[in-house]
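Descriptive structure summary
Each chain is listed here by its residues.
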Amino acid sequence: MILLIFLVAGSASFIAPHDPGKTNVSFKLKSPSFQHLLGTDQLGRDVFSRMLHGSRISLSVGFVAVAISIFIGILVGAMAGYYGRWVDSILMRFVDIMLCFPTFFLILTVVALLGPSIFNIMLVIGITSWMGTSRFVRAEFLSLRERDFVQAAKALGMGDRRIIFRHILPNGLAPVFVTATLDVATAILVEAGLSFLGFGVQPPAPSWGNILTEGRTYIFDAWWLTLFPGFAILITVLSFNLLGEGLRDALDPRLRGRR
Amino acid sequence: MARYLVRRLLYTLITLVGISIISWVIITQAPGSPIAITLDPKVSPKIVEQMEKNYDLDKPIYQQYFLWLKRLFTGNLYSFKDGRPVLDKIGERIWNTLLLNFVSILIIFSLAIPLGIFSARKQYTFFDNLGTFGAYLGISIPSFWLAYLLILGTVKLFGYPVLGMRSFVTEEFSSLEIVMDRLWHLMLPSIILAIGGIAALSRYTRSSMLEVIRQDYVRTAKAKGLPEETVYYKHALRNALLPIVTLFGFLIPGLIGGSIIMETVFSWPGIGRLAYQAVLARDYPVVMTINTISAVLVLIGNFTADMLYAIVDPRIRYQ
Amino acid sequence: MLLFASPILFLIILGMNLLFVSYRPPQRVNQLIMSSIGDASFLNPILAQDSASSEINSLVYNGLIKYDRDLQEFVGVLAESWKVEQGKEPRITFFLRRGIRWHDGKEFTAYDVKFTYDKIMDEKTNTVRRSDYELVKEAEVLAPHTFRVTYKQPFSPGLGTWSMGIIPKHLLEHEEINTTSFNRRPVGTGPFRFVEWVTDEKIVVEANPDYFEGKPHLDRIIYRIIPETSLSEMELLTKGIDYYGVLPHQFRRMSEVPFLNVYTQPVFSYTYIGYNLKNPLFQDRRVRQAFTHAVNREELVQYVLYGFGEVISGPFPSHLWYYNPNVKPFPYDLRKARQLLSEAGWKDSDGDGILDKDGMPFRFKLITNSGNEIRRDVGVLVQRQLRELGVDVTFETYEWSIFLKNFINARHFDACILGWSLSPDPDDYMIWHSSQIEKGFNFVSYQNPEADRLWEKGRKEYDVANRKRIYWRIHELIAEDQPYTFLYMPLGISALQRKFFLKGKDSEGREAMSEIKMEKAGLMYDLIRWYVPQKAVLER
C-alpha cells in the first residue's frame, strides 16, 4: 500500500491526466466522470490531478517534518542520556517545557514570522514534535551506556562523539525507526488540521488538507471535494500506522502487541 | 516523599515561568498588531498611534511582560478585543471546554476498557482483528473531516440542530427536554473527540491485559480451579488497569489543544475557540493567559500522573 | 460483568437521544433568528468596529439622523429637524425629539449627545470614530433639546457622521468607558431592548414597547453565532435560523427551498487589484491598463461570483449618484493588452514565454489575505490570465494581521487583491489623496494633482449637483490612470424564511400585510414593521 502511495506520488506528473493548476471555469464543480475521474473543483481544476500532486506535498511534509524531528530528538536524547547529570536535567527540563507548550501557538507564530511556505510548515511540525523521540533515545542511552561494550570503548579511549554515533546509536535505533513511521502519519494529520485552521500549506498549492478545506465550502454542491481528499488522508495515515506497527513487531519482538 | 514533592513543585514553577516568558516573546514578536486589524479608510493613522499608546504597546517588551503579570494578579487585565476582564472571558468558557472533555474522557474510559478486555480474551478471533483494525482506523481518521460527514448525516437524518451547546428556543421545553437537548448537543462532539482516545486506550488495555494473563499468579489462580470470570475480572484486571489509571494525567495536555478544531466545527463556546480567535486578533492578554492556564493544566496533569505512579507502583522509589 | 454496563448505558443514552430528536419540540414563531460568523465585541456604538456588534447596536441605539431608504438624503431619528448654516465655519443645529426615553426610563436630552461626542474625542477612549469629528471646532448644548456643532472648515460629509449611535450619559458618566460592563448589557433608545448575551452563542433583544415610532411587531430578535458558513446553511435548512447572508454558490440551492425568499442587493464595496506604484514595474500607466485589459472580469463575475456582481470602471459603487456611467469598463482584450505592453517596452525577446525589458523578465508577486475564499479564487484566475500574457505571477496568501502590517502598511508588496467597503458618502479622500501616501490608506502611492484638487473640493462642497460633477471627473481620471484594476462590485444575497411580512396601513387606513421588499438601504430598513402572521405563536 505504502509502495503504491509512493509510486503514485513519484509519478504524479506522468499519470495526472490534467495540469493541476489549469483552471477551466466553465467546467467547475462537475461531478466525477471519465474525463475528470474525481470531478472538478470550484475553478474547474481536475481534482484527481490535484490530488496526485497533493500527495507529493502531503507526503513530503510528513517526511521532512519527521526527519527534522528525529534529528533534534536524537541529538537531545543522546546528549541527555549519554552525559547524564546536569546536561540531562537541563535538557529534560527543556523537553518538559516544550511538552507543555500549546503547539498551536508555536506553529502559528513561526508560520507567521517566516511566511506560510511548505518548508516552514515542515520545520514547525518538526520542531514541535521531537520530544517523544528524545525521551525514547535518552532512555535507550541510559541503559546502553552501562553495557560492557560501551564501557570497553570508553576504556579504549574513544571520543564521546564516536561512541555515541558508532556504538550506542545503532543499537538504539530500532524504536526510533518505529516512532518515525508513526510520526509521519501524525504529521500528515497535523498538516491537514493546520490547513483546516487556515495555517497550512497556502493555496493555490494543492495539499490534501487544502483541497479538503477548500471543498468544505461546497459540501452541499460537490461532495467529492470533501470526500476524496479526506479518504486519501485516511488511507495514507492508516498505511503508515500499520507499517509502523509491522516494523515494531519485526524489529523489536519485546514490544510485540504493545502500543 | 515530602522532599520529592517540594522539588517537583519547584521544578513546576520554574517551568511555568519559562513557558510564560518564551510565549510572551514569541507572541509579541509575531508580526501583526492588535490595532492594525482593520482596514477602514475612515480611521486616520494618528488614532492608531494613540490606541497603541492606550494599550501600552509603545513600551519595551519586558515592561509589557511585567505589566501583564501585575495585571493578571491584581485582576486588572482586560482584553483588547472587547475590553472585558480576561479572567471573566476565560472563566465563562473554561467550564464548557472542561465539560466537553470530561464527557469524552468518560466515553473513552467506559468504552475503551471493556473493548480492550474483550479483545484480549478473544485474542486473534474475528472480533479481536476487527477491534485492531477499528483502532487503527480511529487514530488515522482526520477528526474534522469525520465531524463534517457526521454533522451532514445527522442533519439529513433527523433535521434537528446539532451545533452549539443547546438548541435555541428552549424556554418552552420541559426540564427533561432541556436535559435531553443538552445531551444531544454534547453527543457528537464528545464522541468524535473520544475516537482517537478509544482507539489508543483499547489497544493499551488489550496488551496490558494480555501481559498480565501470562503472569504466574494468574496461571496459579486458574490452576487452583477458580472460575475463569473471577480470575479475569478480580485478579488480572486490577493489575492490568493500574498503569492505565495513570494515563489519565497524560490525557489533559490533549484537552485544550485538541478541542480547538472540534469547538470551531461545532460552534462550541469553549476556550480553544477563544484562543484561536485571540491569536488571529492579536489579543495579547487573552492569548498569554490562556497559554499560561493551559500550561498549568498540563503541569497538574503531569504531576498527578507522577504521583499516581508513585502510589500505584510501590517499586518506584524517589530519593 | 459490571464493566460492560457502561457501554450499555452509553448506548441507552444515545438511543434515548435519537428518539428525542426524532420528535421536534414546538418553537416560538414571532421572532427573527439571524446568524453571525463572529461574536460581537462591544455593544457600544462608539467602540464597536466589527459588523456583528454594529448590527446589534443599530437595533439598540439610535443616531440623530439616518439615511433614507434610497440612500439619497437624511431623515431625522433622535433629531426631529436640523439646520445647516454654510459659511467659512459652517454650523449644524439639531432640534431633538422630545419625550424619548432610554430603555431604563430616563429621558433622552442633548446632554447625552454632547456626552457621546466628548467620549469619542477623549484620547483615552479606544475608538476609531474620532477621525470623523476631527474637523469639528465646537459642540455645544444650546438647550436641553437643542445641540449645535461648528466646523473648522466646510466639510460636507460631516452631517452623515451624526448618524452615530448616542449613548446615555447618566449610566456612563462615572464608568471607565473601555472596560465598563455597560458594553455587555447596553441601554439605548432604539426599537429593541437588550435581553441577554451568551458568549459565543447568542445575543437576544426584545421589542421596546415605548419606542417612539411604535412598538415593533416582532417579539424579539436573536443573533446566533455560528463560525462556519456551511454550518449556517444547515441551520437555515433545519429552520434553526430565519435569515442568512447567502454565498453566491448557494444561491441556486436556496432559491429552490420552498420556505425561503431570496433577495439580492448591491453593496457598498468593490474588489480590486492594487499595484504598488513605487515599484518601477507598474509606474507606466500602459502596463496597468494592459493588465486591466488582460483580466477577464466578466468571467470572474460569472464564475467566481456566479453572476452576482457587476464589473465596475472606477472607485465607486455603480448604483449611486456619484458613479459616472459614461466611463465604461475596459473590455477583455488580449491583443490590446499585448500591444500596450510592447509600447511600454515589454517584449519576449529571449523566447522563454515570459516578457522582458532590458534583460529583466516581467515577474512579480500578487498577494491577498487568507481566509477569503473569493479573493483566493480570483487570485488563482488572475495569475493564470496574466501568465497567458507572458507575465510570471506568483500568488500567495497571508494571514490578515500579517498581511496588513508586513505588506500593506509597510508598502512592501508588488500587487495585492483587496476590497474597500465604503459608506454612502463619496468622500474617499483617505484612500486617494496624495497626502495619504506616507501613512494613510493610499498604499498604492497614487498621485494625480488634478484628482487631489478635486478630492479637496468635493468634501467642502455642500451642493449635491456640484459634488456630482466633481466626483464624475474624479472617476474619469482614476479610470484612465488605473492605479487599481477595478474588478467588480458584488451583489449581496440574503435568504429569509417566507413567514415574515410587513404590517402597515393600506391607502384606506386599514391594517394590511405586504411582502418584505429589498430597499437600497437594505432588507432590514423597515424591521420594526416586520410581523409573523400566525394565530398560534408556536409551531412544530
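Along every chain, residues carry numbers that run from 1 in the direction the sequence is written. Here chains are named by letter from A upward and ligands by number from 1 upward, in the order in which they appear as written. Predicted model: local features are reported for residues with pLDDT of at least 70 only, side-chain atom pairs are reported and counted for 80 or more only, and whole-chain, interface and lining totals are derived from all residues.

As for the overall build of chain A
- In DSSP terms, a helix is any run of H or I states spanning at least four residues, a strand is any run of E spanning at least two, and both are numbered starting from the N terminus. Scanning chain A from terminus to terminus reveals 11 helices and zero strands.
- Helices and strands appear in chain A in the N-to-C order α-α-α-α-α-α-α-α-α-α-α.
- Three exposure classes are used. Buried residues have 20 or more other C-beta atoms within 10 Å of their own C-beta, exposed residues have 12 or fewer, and partly exposed residues fall in between, all C-beta atoms being placed from the backbone. In chain A, which comprises 259 residues, the proportion classed as buried is 49%.
- Contacts spanning at least 24 positions in sequence make up 67% of the contacts within chain A whose residues lie at least 6 apart. By the convention adopted here, residues make contact when the C-beta atoms placed from their backbones lie within 7 Å.

Some words on the sheet that holds strand β5 (residues 79–85) of chain C
Residue and element names in this part refer to chain C.
- By definition, two strands form a pair when at least two bridges between them are found by DSSP. With respect to topology, four strands assemble into an open sheet ordered β5-β6-β8-β7, the strand pairing being antiparallel. A single partner strand is all that each edge strand has here, and the edge strands are β5 and β7 (136–143). For this sheet the average axis-to-axis angle between neighbouring strands, irrespective of direction, equals 15°.
- Pairing analysis gives six bridges linking β7 to strand β8 (residues 146–151), with the strands arranged antiparallel. Along β8, the bridge assignment pairs Ala143 with Thr146.
- Note on geometry: axes are C-alpha line fits, over the in-contact stretch for helices, and angles between N-to-C directions span 0 to 180 degrees. Of the strands in this sheet, β6 (91–96), β7 and β8 touch helix α3 (residues 110–121), which is tilted by about 160° from β7.

A few points about the sheet that holds strand β22 (residues 501–505) of chain C
All names here are of chain C.
- Judged by pairing direction, the sheet is antiparallel, and its three strands sit side by side in the order β23-β22-β24 without closing on themselves. Looking along the sheet, the strands with just one partner apiece sit at the ends: β23 (511–514) and β24 (530–531).
- Bridge analysis of β22 against β24 gives two bridges, and the strand direction is antiparallel. Across the sheet, Phe501 pairs through a bridge with Tyr531, a residue of β24.

A short note on the pairing of strand β18 (residues 363–369) of chain C
Residues and elements named next belong to chain C.
- Here seven bridges tie β18 to strand β19 (residues 392–398), and the two strands are oriented parallel to one another. Each bridged residue has a counterpart across the sheet, and for Thr368 the counterpart in β19 is Thr397.
- After leaving β18, the chain enters helix α10 (residues 373–388) and then returns to the sheet as β19, a path that is right-handed.
- One ladder, built from two bridges, connects β18 with strand β20 (residues 415–421); its direction is parallel. Bridged to Leu366 within β20 is Ala415. Crossover handedness is defined here as right-handed if the route from the first strand over the helix to the second strand goes clockwise, with the strands pointing away from the viewer.

Some thoughts on helix α8 (residues 148–155) of chain A
- Of all eight residues in α8(A), zero are buried; the element is thus mostly exposed.
- Two residues or fewer past α8(A), Gly157(A) is found with a positive phi of approximately 80°.

Considerations on the packing of helix α3 (residues 47–83) of chain A against helix α9 (residues 160–197) of chain A
Residue and element names in this part refer to chain A.
- Remark: α3 packs on α9, axes separated minimally by 7 Å, with the N-to-C direction vectors making an angle of 145°. Where α3 crosses over α9, the two elements pack in a sense that is right-handed. Contacts from Ser58, Val61, Gly62, Phe63, Ala65, Val66, Ser69, Ile70, Ile74, Ala78 and Tyr82 of α3 reach α9 at Asp160, Ile164, Ile168, Leu169, Val176, Ala180, Asp183, Val184, Ala187, Ile188 and Glu191.
- Here the residues of the contact of α3 with α9 are counted per class, giving 16 nonpolar, three polar and three charged. Take the far helix as your reference; a near helix turned counterclockwise from it by less than a right angle gives a left-handed crossing, and one turned clockwise gives a right-handed crossing. For this scheme, ten residues count as nonpolar: Ala, Val, Leu, Ile, Met, Phe, Trp, Tyr, Cys and Pro. Four count as charged, namely Asp, Glu, Lys and Arg, and the remainder, Gly too, count as polar.

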